[in-house]
Amino acid sequence: MRVLVIDETPLRASILEEGLREAGLEDVTILSETRLLMRQIVEIDPDVILIDLENPSRDVLESMFQVSRTVERPIGMFVDQSDAGMIERAVEAGVSTYIVDGLRKERVKAIVEMTVSRFNAFNRLKRELADTKRALADRTSIDRAKAILMRRHTIDEPAAYAMLRRAAMDQHQTIADVARALVSASQLLEKRP
Amino acid sequence: MTPVRIGFIPLIDCAGLVAAVGLGFADAEGLDVALTRETSWATLRDKLAVGAIDAAHLLAPIAVASKVGIGNPKPPFSALMSLSMNGNAISVSRALYGEMAESREFAAPDDLAGKGRAIAKVIAARKAAGAPRLTFAVVHPFSPHNYELRYVLGAAGIDPDEDVDLVVVPPPFVVDHLRGGLIDGFCVGAPWTSIGLQEGLTRVIAVKPQIWRFGPEKVLAVREDFAADREDVALRLIRAVKAGGAWADDPANRQRLAAMMAEPALLDMAADTIAGSLAGRVPLDDGPAETIADYVVFDRDGASFPWRSHALWFYSQMLRWGQVKHSAEAMRAAAGAYRPDLFRRAFAGTDVTLPGANAKVEGALAAPQPAGSTTGRLVLPRDGFFDGRIFDPDDVAGYASAFEVGKALR
């Protein structure tokens, strides 16, 4: 079975490719550039096409249902009417699947399930990375805000932190938000007009 | 407040939605609307199908196709109202325009029949010279753009499935494709027509009002079961978006609307480009920019009313081009995709003008004409197809099979 993965995110594509190979699918092609999608698909002649949901070229792909003249084998969207939950999970994960006619649904279903779980794993990874970055940025702002307070009020670090915490509680904000506001305000105050 | 998620594609014709949210019309109906931008019609449709969004700014024919059950299997949608009339245009590369002009088949910008003949001559000359075929792009197989381009080509005896290559290209890529020589022309919506012009790559050979004076484009679609189970929300949406469309139609609001739409989370484009498209300032052929009347209309002159005859006209074109097999049942389903019943209910007991009928003969009005309505204030605008054909919603199959070029069974 020949699988084509269309994804502009290289990391996600490689996570998916790895999963496909683990599932015993050797014939996997990854496309990240979709300017000549029609021509590329005719050349690759895949049995299954996996494409990320946000890819604008999905409309190009779908037009192939209409113009069978350009593709040898008709392509249909993989929709198992009996399993609406799976379509929902696929859309949530951000992937959609197209198969050529005549392929056994059960085989494809396993691939789709695997793709959905890999896409979700990628989404988790992305979220964790964003969380880590944010935590780091928060840490930096809080440290700078503490330094400003310590200098200004000649207090020690725990006292400066307590001030930030109290302000955050009073204003129903996070400590990081208060710290960011303090840092930017103090930059403004130090600036000469 | 009721939360409602509405998906949209960054195009001029989502203006009514933007205004409904930005001007507080949604708020006034107790709706907390979140607008989410999508990158393709397929994704917008799928998200609507699985309930990831509640409503969508959708190509009208996609809603019709969903109800007829063609294209991708999915639950049927209901078009609550029209979001826009017109807005599209056919552009060609300057090279193709040069070839067309050489044929001397047309002189006036309004001579679409002559322009069609000019394209036919280019096609014949290319064939004789063994040159590659002309390639035109549209945005989706189930799009007004597809049917409009095919309509113009077909009128000149050009078979769009045999004589040219018709491909789908996402609007943000059409200008790039044309620059790279991958396509020779395209039919897209505003503001992409203007962007091709700004880049100095294209000539506009036809704007929508020339092809069909007052023709439907986008609808506000929900899932049919949403319209049934949450009818109250659907009615509130109709009221909010109609108010937004009416505000967006007012030229006095154009600058403010353009600034709102230019936001990164919405169209993410220059406000000037948007304002130019809203005003319909477009040069035709190689002439100077002029203001095209009714370039894009959101609400006025009955534009937001979901006319069943619009749904049936799209069905007639699906029939004409072999996208659907004709049956009384399929035709009934097509008409049922548009929901004038809900639109009427949304304004029952108010002084909002509602037409007396749910369908009208399309293309028959040479001048504005008063029409039966609840307030007696409805005047239908001038309407007509460039080739003078008239669409009678009572004879859809006859209309579809009367075209010389097409696949409908005679």
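Quick note: structure is the one above.
Residues numbered from 1 in each chain as written. Chains lettered and ligands numbered in written order. Predicted model: local features only at pLDDT ≥ 70, side-chain atom pairs only at ≥ 80, totals over all residues. Heavy atoms only, no water.

1. Some thoughts on the overall build of chain A
Regarding its fold elements, chain A presents seven helices and five strands. The secondary structure elements of chain A, listed N-terminal to C-terminal, are β-α-β-α-β-α-β-α-β-α-α-α. Residues counted as buried form 44% of the 193 residues belonging to chain A. When contacts within chain A are restricted to residue pairs at least 6 apart in sequence, those whose partners lie at least 24 apart make up 66%. Carbon and sulfur atoms make up 53% of the accessible area of chain A, which amounts to about 11000 Å² in all. (Helix = DSSP H or I, 4+ residues; strand = E, 2+ residues; numbered from the N terminus. Buried < 20%, exposed > 50% of the residue type's maximum accessible area, 1.4 Å probe, protein only. Contact = heavy atoms within 4.5 Å. Areas by Shrake-Rupley, 256 points an atom, 1.4 Å probe, with all protein chains shown as cover.)

2. Digging into the packing of helix α4 (residues 60-68) of chain B against helix α15 (residues 308-320) of chain B
Between two packed helices, the angle of one axis relative to the other and the distance separating the axes together describe the packing. Residue and element names in this part refer to chain B. In the contact formed by α4 and α15, the axes pass within 10 Å of each other and the chain directions differ by 75°. With respect to α15, the element α4 is oriented roughly perpendicular. Across from A60, P61, V64, A65 and V68 in α4, the residues of α15 making contact are A311, F314, Y315 and M318. Among the residues making up the contact of α4 with α15, the classes are represented as nine nonpolar, no polar and no charged. (Axes fitted to C-alpha atoms, helices over the stretch in contact; angles between N-to-C directions. Parallel < 35°, antiparallel > 145°, perpendicular 65-115°, else oblique. Nonpolar A, V, L, I, M, F, W, Y, C, P; charged D, E, K, R; others polar.)

3. Observations concerning the interface of chain B and chain A
Between chain B and chain A, the residue contacts involve 29 residues of the former and 23 residues of the latter. Summed over both sides, the interface of chain B with chain A buries roughly 2200 Å², with 55% coming from carbon and sulfur. For the chain B face of the interface with chain A, the top three residues by lost area are B:V50, B:N72 and B:V168, together amounting to 21%. Across the contact surface, chain B and chain A share three salt bridges. Between A:E62 and B:R45 there is a salt bridge, with the nearest N and O atoms lying 2.7 Å from each other. (Buried area = accessible area lost by both parts, 1.4 Å probe. Salt bridge = Lys/Arg side-chain N within 4 Å of Asp/Glu carboxyl O.)

4. Some remarks on the sheet that holds strand β1 (residues 2-8) of chain B
Residue and element names in this part refer to chain B. Strand order in the open sheet made by the five strands is β2-β1-β3-β11-β4, with mixed pairing throughout. The sheet terminates laterally at β2 (31-37) and β4 (77-82), the two strands that pair on one side only. For this sheet, the mean angle separating the axes of adjacent strands, direction not counted, is 30°. The pairing of strand β3 (residues 55-59) with strand β11 (residues 218-223) spans five bridges and is antiparallel. Its bridge partner being in β11, H57 is matched across the sheet by L220. Those strands touched by helix α3 (residues 41-50) are β1, β3, β4 and β11, and its axis lies near 145° from that of β3. (Pairing = 2+ DSSP bridges.)

5. Observations concerning the pattern of salt bridges
This structure, assessed with the given rule, holds 47 salt bridges over all chains. The salt bridge partner of B:R236 is B:D232, with a shortest N-O separation of 2.7 Å. With a gap of four residues between them, B:R236 and B:D232 both fall in helix α12 (residues 231-249), about one helical turn apart. On the basis of relative accessibility, which here comes to 13%, the residue B:R236 falls in the buried class. On the basis of relative accessible area, B:D232 is assigned to the partly exposed category, the value being 46%. By sharing partners, the salt bridges in this structure join A:R58, A:E62, B:R45 and B:D46 into a single network.

6. Regarding the side chain of A:Q40
Mapped onto the secondary structure, A:Q40 falls in helix α2 (residues 37-44). Not counting residues up to four positions away in its chain, the partners in contact with A:Q40 are A:L31, A:E33 and A:T34.

7. Side note on the packing of aromatic side chains
Residue and element names in this part refer to chain B. Following the criterion strictly, the structure yields 15 aromatic pairs over all chains and no others. Residues W313 and F385 carry aromatic rings whose centres are separated by 5.9 Å and whose planes lie at 25° to one another, so their mutual orientation is stacked. Here F385 lies in the loop between β16 (379-380) and α18 (396-401) and W313 lies in helix α15, a separation of 72 residues in the sequence. In this pair, the class of W313 matches that of F385, namely buried. Taking 5.0 Å as the distance between ring centres and 85° as the angle between the ring planes, the aromatic pair formed by Y399 and F403 counts as edge-to-face. Pairwise contacts between aromatic rings join Y147, Y151, W212, W313, F314, F385, F386, F391, Y399 and F403 into one cluster. Cation over ring: K242 sits above F347, and NZ or CZ is 5.8 Å from the ring centre. Sitting above the plane of the W307 ring, K360 keeps its charged end 4.9 Å from the centroid. (Phe/Tyr/Trp six-rings, centres within 6.5 Å; stacked < 30°, edge-to-face > 60°. Lys NZ or Arg CZ within 6 Å of the ring centre and 35° of its normal.)

8. Let's talk about the pairing of strand β9 (residues 185-189) of chain B
All names here are of chain B. With respect to burial, β9 is a largely interior element, five of its five residues being buried. The alternating pattern of β9 places G185, C187 and G189 and F186 and V188 on opposite faces, both of which are buried. Pairing analysis gives five bridges linking strand β6 (residues 88-93) to β9, with the strands arranged antiparallel. In the strand pairing of β9, V92 is matched with G185. Inspection of the sheet shows strand β7 (residues 135-138) paired to β9 by two bridges, in the parallel sense.

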